[in-house]
Amino acid sequence: MKRPFEVRIVLVRTIYERNVGATSRAMSNMGVDKLIMIAPQCEMTYEAQQTAATGQNGLQNRTTYASWDEFMANEPESIKIAFTARDGKGRQVRDIDDVLSDVKTNAPQFQHESDEPYTIHLIFGPEDWGLAGEDLEYANHCACLPTFGENWSLNLAQATLLGMFSLRKAWGGNRTKLDGGKKRRAPQGIQGIDPEQTLKTWIEEMGFDLTKQRKINAFTVLRRMLLQNTPTKKELVILETVLQQSIRKLREWKEFKNRER
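If you're wondering where the values come from, they're calculated on a predicted model, not measured in any experiment.

Cut-offs applied
Residues numbered from 1 in each chain as written. Predicted model: local features only at pLDDT ≥ 70, side-chain atom pairs only at ≥ 80, totals over all residues. Heavy atoms only, no water. Helix = DSSP H or I, 4+ residues; strand = E, 2+ residues; numbered from the N terminus. Rg over C-alpha atoms; globule rule 2.2 N^0.38 Å. Buried < 20%, exposed > 50% of the residue type's maximum accessible area, 1.4 Å probe, protein only. Contact = heavy atoms within 4.5 Å. Salt bridge = Lys/Arg side-chain N within 4 Å of Asp/Glu carboxyl O. Phe/Tyr/Trp six-rings, centres within 6.5 Å; stacked < 30°, edge-to-face > 60°. Expected span 1.5 Å × (residues − 1). Pairing = 2+ DSSP bridges. Right-handed = clockwise from strand over helix to strand, strands pointing away. Axes fitted to C-alpha atoms, helices over the stretch in contact; angles between N-to-C directions.

J.: Explain the overall build of the protein here, please?
T.: Along the protein, the regular secondary structure elements total 10 helices and 7 strands. In summary, the protein has a C-alpha radius of gyration of 28 Å against a globular reference of 18 Å for 261 residues, an excess of more than 25%. When the backbone C-alpha atoms are referred to their principal axes, the protein occupies close to 95 × 45 × 40 Å. Burial status across the protein gives 37% buried among its 261 residues. Counting contacts in the protein only where the partners sit at least 6 residues apart, residues at least 24 apart contribute 80% of the total.

Below, the structure is given as structure tokens:
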């Protein structure tokens, strides 16, 4: 993309608060902060907060408009992509991937470089019948999320997640760094047990030279294989016991061989 973009989720006449909460959680997964509601048909209570779980930001900071007129008067200029599963008169519906590719390649807003983010509104209708024809008059594009089974109807929160995922897949973003990409935390809570040091001692007793600075050696490989998945305390104790006993046996054998000389 030649310029940055800001994604805003728009829920129109939403009926169930649990879907609002689940959408807020999905937004936190996809790096989207701004949730907009137009004429919601539900109140936000503890159920919405509970469903949002660790993704409360969108829910707590949502903007609510009474009508499309109020939305248009207060929201910035944008490209509006409306999601609908129904084709018909006035609905030239394309797969979301096609729409996103079209916007990226042809929309004049993205054909010049700029530091100012441009707004993209992803619009989703109510759970019963989806967006009405009057709603689609405000959209620049009508998109659908492809399905592959007999049931083509998606839950609202699932649809918002898939819509945001499709956009991130096509246009990118700052991908979350999972635990595997971060510095591994040493196991805690087992006094007197240091599986890394015991593993290193065992490898050295086996005759491997770990003094050379290499990214990959016997220690790094076995540490990754044995410890990367955060073993339980019981598993660590068993591993420690096996390695310590092996170390003792190796040392006894070395002492025996030295006495024979």
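We are not done yet, so read on.
J.: Teacher, can you tell me more about the pattern of salt bridges here?
T.: Two side chains bearing opposite charge may form a pair once their charged atoms approach each other closely. Counting across every chain of the model gives 7 salt bridges. In this structure, the salt-bridge partner of R8 is E75, at a minimum N-O distance of 2.7 Å. One end of the pair, R8, is in strand β1 (residues 5-12); the other, E75, is in the loop between α4 (68-74) and β4 (78-83), and 67 residues separate them in sequence. Three or more residues are tied together by salt bridges with common partners; here these are E6, R8, K34 and E75.

J.: What exactly am I supposed to notice about the packing of aromatic side chains here?
T.: By convention here, two paired aromatic rings are described through the distance between centres and the angle between planes. Per the counting criterion, the structure on display carries 7 aromatic pairs. Here the aromatic rings of W68 and Y138 are separated by 4.6 Å at their centres, their planes lie at 5°, and the arrangement is stacked. Highlighted residues: W68 in helix α4 and Y138 in the loop between α6 (133-136) and β7 (141-144), separated in sequence by 70 residues. Residue classification places W68 among the buried residues on the basis of a relative accessible area of 8%.

J.: So what exactly am I meant to see when it comes to helix α1 (residues 17-30) here?
T.: Quick reminder: α-helices carry 3.6 residues per turn. Residues three or four places apart thus point the same way. Helix length check: α1, at 14 residues, gives a terminal C-alpha distance of 20 Å against a target of 20 Å (1.5 Å per residue), a fit within 8%. Every buried residue belonging to α1 is among E17, N19, V20, G21, T23, S24, A26, M27 and M30, and all of these are buried. With its phi angle positive at about 70°, G31 sits one or two positions after the end of α1.

J.: What exactly am I supposed to notice about the pairing of strand β2 (residues 34-38) here?
T.: Along any regular strand the residues' side chains alternate between the sheet's two faces. Of all 5 residues in β2, 4 are buried; the element is thus mostly enclosed. Relative to β2, β1 is paired through 5 bridges, and the arrangement is parallel. Within β2, the position partnered with V10 by the bridge is I36. In this fold, the crossover linking β1 to β2 by way of α1 has right-handed handedness. Bridging between β2 and strand β3 (residues 63-65) involves 3 bridges; their strand directions are parallel. Bridge pairing in β3 links I36 to T63.

J.: Could you clarify how one ought to interpret helix α10 (residues 233-260) in this entry?
T.: Between its first and last C-alpha, α10 extends 41 Å over 28 residues, near the 40 Å set by a 1.5 Å rise per residue. For α10, the set of buried residues is L236, L239, E240, L243, I247 and L250. Packing partners of the buried residues in α10 comprise α8 (195-205) and α9 (218-227).

J.: How should the sheet that holds β2 be read in this particular structure?
T.: Two orientations exist for strands paired in a sheet by backbone hydrogen bonds: parallel and antiparallel. The parallel open sheet is built from 7 strands, whose spatial order is β3-β2-β1-β6-β4-β7-β5. Two strands lie at the open edges of the sheet, namely β3 and β5 (93-95), each paired on one side alone. Direction aside, the axes of adjacent strands within the sheet are offset by 30° on average. Pairing between β1 and strand β6 (residues 118-124): 7 bridges, direction parallel. Among the inter-strand pairings, E6 is bridged to a residue of β6, identified as T119. With respect to the sheet, α1 is in contact with β1 and β2, its orientation differing from that of β2 by roughly 155°.

J.: How do you make sense of the environment of R18 when you look at a structure like this?
T.: Looking at the element boundaries, R18 is found in helix α1. A relative accessible area of 40% means that R18 is categorised as partly exposed. Sequence separation between R18 and M44 is 26 residues; the distance between their C-alpha atoms is 8.7 Å.

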